[in-house]
Amino acid sequence: MTKLCDIDSNRLAKAKERYPAASTFADWRVMLEKKGKEIDAVTVSTPDHTHFPASLAAIRLGKHVYCQKPLTHTVWEARTLANAARKARVATQMGNQAMSEPKLQREAEVLKAGAIGKIQEIHLW
C-alpha cells in the first residue's frame, strides 16, 4: 500500500485525493518509524538539505531508494550512503524525475539516432 509524506498539507491533501487508500504523514521520520516494515522502496523528493538524512534512514532500514538530485552535499555523505547501501544490499539511484517523462526519453532517442545530424552545441537554461 502507498504511503505519502509531505510537510505541505495542501500538497499532501491533493496527493491523497489521487491515492485515497494511501497512509499520509507530514514527517518522513514518523512515516519510516510507523510504517517502515510495510515499505519496500522510497523516493526522496524533499528539500535538498534533507536528501542525505532521509536517504540514509531509509537505506539503514533496508529500503531501496530513488533520490532527487543533489544526492549529497559532501564527499563524506556520498561515501556514507554508498557504504550503507552496500551493507544493506539495496538498490539506490539518484536522478531527476523529469528524465522519466516519455517525451524527454523519446527526444533523447531521436538525438542519439542522429536524426538532426551531429550536435555541435547545446544551450540549456
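We now turn to the structure provided with this report. (Residues numbered from 1 in each chain as written. Predicted model: local features only at pLDDT ≥ 70, side-chain atom pairs only at ≥ 80, totals over all residues. Heavy atoms only, no water.)

1. Looking at the overall build of the protein
Put simply, the rule reads: Helix and strand assignments come from DSSP, with helices taken as H or I runs of at least 4 residues and strands as E runs of at least 2, each series counted from the N terminus. The globule rule used here is 2.2 Å times the number of residues to the 0.38 power, and the radius of gyration it is set against is calculated over C-alpha atoms.
Broken down by element type, the protein carries five helices and five strands. When the helices and strands of the protein are listed from N to C terminus, the series reads β-α-β-α-β-α-β-α-β-α. The C-alpha atoms of the protein give a radius of gyration of 18 Å, which is well past the 14 Å a tight globule of 125 residues would have. Dimensions along the principal axes, computed over C-alpha positions, put the protein at roughly 55 × 40 × 25 Å.

2. Some remarks on the side chain of Lys3
Stated formally: N or O atoms closer than or at 3.5 Å make up a polar contact, with two conditions inside protein: a donor-capable atom paired with an acceptor-capable one, and, for residues adjacent in sequence, both atoms drawn from side chains. The contact rule is simple, with two residues in contact once any of their heavy atoms fall within 4.5 Å.
The residue Lys3 is located in strand E1 (residues 3–5) in this model. Reaching out from Lys3, the side chain makes a polar contact with the side chain of Glu38 at a distance of 2.8 Å. What Lys3 contacts, discounting residues up to four positions off in sequence, is Ser23, Met31, Lys35, Glu38 and Ile39.

3. Notes on the environment of Asn96
We apply this condition: Residue exposure (1.4 Å probe, protein chains only): buried if accessible area is under 20% of the type maximum, exposed if over 50%, otherwise partly exposed.
Here Asn96 lies in the loop between strand E5 (92–95) and helix H5 (102–112). For Asn96, a relative accessible area of 30% puts it in the partly exposed group. Separated by 30 residues in the primary sequence, Asn96 and Tyr66 place their C-alpha atoms 9.4 Å from one another. In contact with Asn96, not counting residues within four places along its chain, are Tyr66, Gln68 and Lys69.

4. Here's the deal with unusual backbone geometry
Looking along the chain, the bond that leaves Lys69 and enters Pro70 is cis, with omega of -10°. For Pro70, the location among the structural elements is in the loop between strand E4 (64–68) and helix H4 (75–88).

5. So, the sheet that holds E4
Stated formally: At least two DSSP bridges between two strands are needed for those strands to be called paired. As a rule, the C-alpha atoms of each element are fitted with a line to give its axis, helices using only the stretch in contact, and angles between N-to-C directions run from 0 to 180 degrees.
Strand order in this open sheet of three strands is E3-E4-E5, and the pairing throughout is parallel. The open sheet has two edge strands with one neighbour each: strand E3 (41–44) and E5. Each neighbouring strand pair of the sheet contributes to a mean axis angle of 10°, computed without reference to strand direction. Sheet topology places E3 next to E4; four bridges connect them, and they run parallel. Within the sheet, the bridge partner assigned to Thr43 lies in E4 and is Tyr66.

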